[in-house]
Each structure stands twice: as structure tokens, then as C-alpha cells.
Amino acid sequence: MDNRFQKTRNDFPILNQKVNDESLVYLDNAATSQKPNQVIDELVRFYRNDNANVHRSVHTLGERATEEYETARQKVQKFINAKDTREVIFTKGTTDSLNLVASTYGAENITASDEIVISIMEHHSNLIPWQQLAIKKGATLKYIGLTADGQLDMEDAQSKITDKTKIVAIAHVSNVLGVTNDIKKIAQIAHSHNAVIVVDGAQAVPHMKVDVQDLKVDFYAFSGHKMLGPMGIGVLYGKTALLNKMSPYQYGGEMIDFVEKDFSTWTELPWKFEAGTQNVAGAIGLGRAIDYLTTIGMDNIAKYETELVSYLLPRLLRIDSIEVYGPHDVGIHNGVVSFNIKGLHPHDVATALDMDGVAVRAGHHCAQPLMKYLGVVATVRASFYFYNSKADADKLLQAIAETKEFFNV
Ligand code: PMP
């Protein structure tokens, strides 16, 4: 395996630094990705030259800002192959997008006799909104379980999704197990029962080609900050027919058509769901991130990250007293590897790795029901992006060996 994206590292100034006197090895990309100069420069350029509020002012800066904001929307539309820009709503991120669907579509369509089906591997942001909706409505929340090797149990999915199901909400890629779920198949099962499918794409869109039309999903959520973009910007994709029927998420400026003293009417999509001043710079920065990713090619990124995991995983599994969660088959693994060293608390492991300059996350990864299901309180998680290299994997392996030696396990 060559480190074919090695040159891109020069675009990421943050990666070129020492941490605890060691060269930084950033392996916490599932939490957030680093930002290339191209995105940082775009944010500065917008604030230096074009900053104005959008869809309000006819002056030149206002028009420039509006055009750049709407161009960013077009970039997102193309990137995920949505049919129309009206289907692309800018939000604060995945969490915000999923809350939007639960508190509008969910609140308007779920009754006490209905069922919502999610999976046990969900991140809290694709779990709590449905849990709370179910509690409020007296509806039933069901969890699809996992197979012995940590994949979504499709037989369980077939049996849990029934004619009572109104919403199926599933992660495209797990932020803990690294598995990709067969969204196309789940969408087909959901639709055969007249349920809608909501997909948490936070860990998928940054790492693989996602085509919302091909997947046949109804809603799809993701965050800009995990795909080279700024924090505080994200996307909700929704089918026009569904979005049109939904009430607004929030009320205020710019989402109205007319406001009278006793009633109001709403503007058209997508602005109906974008109340108040938006993260305009964030959207433009995300647009620039999409340009960057498109130049590299999403299929190339996916292939390279699989290669990195195929290098790391067998070496990790060979280490005595390491337990790896999720499939051990690299073919079905994304660039996320969760593990524990028996006898050590994951936080101690992460702190020891940090002493060697290796940044990983330790904790429950906002997936407490999954931790319980796996019978652990927490794990260590190493997660790659295309700017990582085989040398980074080697550094992790070496730091793990040193940690084991230090703690004598
Ligand atoms: N879902 C998954 C699978 C995630 O990994 C994350 C981020 N850790 C989220 C949802 C939430 O994303 P955000 O914090 O950007 O809203």
C-alpha cells in the first residue's frame, strides 16, 4: 500500500506539530476531521470580503453572500445526488437534522399504536430523539440487534419492521463498530411496510460516495465538521413531498411568507426550515470542503481507508490481550476500529497513547446502549481519514506496545 494521499498532509497545518514532544498522529477523525488550508482560507475570505446576511439585502455584499450560500447548497445537492436543491436543508449538524425530523415529521405522524424501529448501534443523536418521541406519544420503540460478529442483524430487522412501523432510523456507518449497514435493503423493507427511513450518515458521507436517490432514503442527515468543513454546519436531506407536508421546525425570520397578527404562512423549501440567521460562512466552508473531497474522489478515499484498516486490524488482533469490537473481517470495516486492552481502563490507554503523540478517543462514544450490549463501559477508538498513513498505524501499534509494557499487562 502506498501512502498516496501523503501530499495532502501539507494542506492540513494542524497535523504538522509536536504533541508531548512527539509528532502528532491524529486518529480521532470520527469525532471531527481536521480542516485543510483551502477551507480555512475560504472562511477567512468570506468574512474579509463578502460577509452579509443572506436573502435579505439587495446591496452588493448581500447578493454576493446569498449567491455563495446557495451555490454551497448546489454543491451539497450534487455531492449526495439529491434531485433538487429544495431537498437540501442547512442545519447545525447531524444532531440538529435528526431532531428536526423527530420533532416535525415524527410529532405529526406518530400515534400511540405506532412503532419506531432503530438499532442498538445508534449514536445518541439517532436514539434519544426517537426515544423521547415514543415516550411523548406512548408509541413503541424497538431495537434491531447485532449478529455475533457485530453487524446489523438483517433477520432481526425483517422481523422488527412490521406494518405497525412508521419510522425506521438507522446509522449508515457505526461510529463504534465501523460497519456499513445495508441502507438500500433496510429502505426496501421499511417501504414495503409504508414506513419512512431516516438515515444517520454522519460517519458515511465523509468517507464514501453517498447517493440518496440510489439508496432510496426519505431523510438523510450528516455533519460538515467530520468531512473537512467547519463545525456548526450540517445537512438534512429530505424528499420534497415529505418536507412539503411537514410543519416548520423553528419559527422566526426568513421562513415566512406572510405574517398577520393572528396567523402566518410559510415560505417554500428549503427556506421554510431555515429560520433566523444561518451559518452562512459554515455552509460556504462546507461547499469548499466538498470541492476538496470531490477532487480526491470519494471512491479513492473509501478504498484507501479500507487499505489502512486492512493494515492495522490484523496487527492489532495479533497483540496479546487486545479485544477488538465489531467485525474482524476488514472487507466490511470502515476506517473506525474500537478496542480495549484487557486489564486497562480505556481512558488510561488514551492518556498513555497521547503521551506518544497519538490522539484517539476513549469513552462510550455517545452509544451507551451499545456499550451495554457489548458488555463494556467504554472502548478506545482509532479512526482514520485519507491524510493518515500506514506510518500512523505503525505509530499507534508501537504506542500500544509501550503502554502495555508500562502497565505490565
Ligand atoms: N451520528 C454518528 C454516527 C456520529 O458519529 C455523530 C458524531 N459523533 C453524530 C451522529 C452526531 O454528530 P454531530 O455531533 O455533528 O451532530
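In what follows, the structure referred to is the one given above.
These numbers come from a predicted model, not from an experiment.

A. Looking closely at the environment of I110. Turning to its location among the elements, I110 is positioned in the loop between α3 (94–109) and β5 (115–119). Put simply, I110 and G253 are 143 residues apart on the chain and 28 Å apart in space, counted from C-alpha to C-alpha. If we skip the residues at most four places from it in the chain, I110 touches I116, L133, K137, A139, K166 and I167.

B. Spatial organisation of the site of the ligand. If you check the shell around the ligand, you find T94, T95, H123, S125, N175, D200, A202, Q203, S223, H225 and K226 and nothing else. Backbone polar atom of T94 to an oxygen atom of the ligand: 3.5 Å apart, as the coordinates give it. Out of a free accessible area of 400 Å², the ligand has 86% covered by protein chains. A majority-of-atoms criterion places the ligand in the largest pocket.

C. Local environment of the sheet that holds strand β16 (residues 361–363). Pairing is antiparallel across the open sheet formed by four strands, whose spatial order is β13-β14-β17-β16. Two strands lie at the open edges of the sheet, namely β13 (322–325) and β16, each paired on one side alone. Within the sheet, the average angular offset between the axes of one strand and its neighbour, ignoring direction, is 30 degrees. The pairing of strand β14 (residues 336–341) with strand β17 (residues 379–383) spans four bridges and is antiparallel. Bridging across to β17, F339 finds its partner in V380. Contacting β13 and β14, helix α10 (residues 298–318) runs over the sheet at an angle of about 15 degrees to β14.

D. How the structure looks around the packing of helix α11 (residues 346–355) against helix α13 (residues 390–407). Interhelical geometry of α11 versus α13 gives an angle of 115 degrees and a closest axis separation of 9 Å. Our pair here, α11 against α13, has a crossing hand that is right-handed. Judged by residue contacts, D348, A352 and L353 of α11 engage L396, A399, I400, T403 and F407 from α13. For the contact of α11 with α13, the per-class residue count stands at six nonpolar, one polar and one charged.

Conventions we followed
- Residues numbered from 1 in each chain as written.
- Predicted model: local features only at pLDDT ≥ 70, side-chain atom pairs only at ≥ 80, totals over all residues.
- Heavy atoms only, no water.
- Helix = DSSP H or I, 4+ residues; strand = E, 2+ residues; numbered from the N terminus.
- Contact = heavy atoms within 4.5 Å.
- Near = heavy atom within 4 Å.
- Polar contact = N/O pair within 3.5 Å; in protein donor to acceptor, adjacent residues only side chain to side chain.
- Areas by Shrake-Rupley, 256 points an atom, 1.4 Å probe, with all protein chains shown as cover.
- 1 Å grid on protein atoms, 1.4 Å probe; cavity = no way out; pocket = protein on both sides within 12 Å on 5 of 7 lines; lining within 4 Å.
- Sits in = over half its atoms within 2 Å of the grid points.
- Pairing = 2+ DSSP bridges.
- Axes fitted to C-alpha atoms, helices over the stretch in contact; angles between N-to-C directions.
- Left-handed = near helix turned anticlockwise from the far one by under 90°.
- Nonpolar A, V, L, I, M, F, W, Y, C, P; charged D, E, K, R; others polar.

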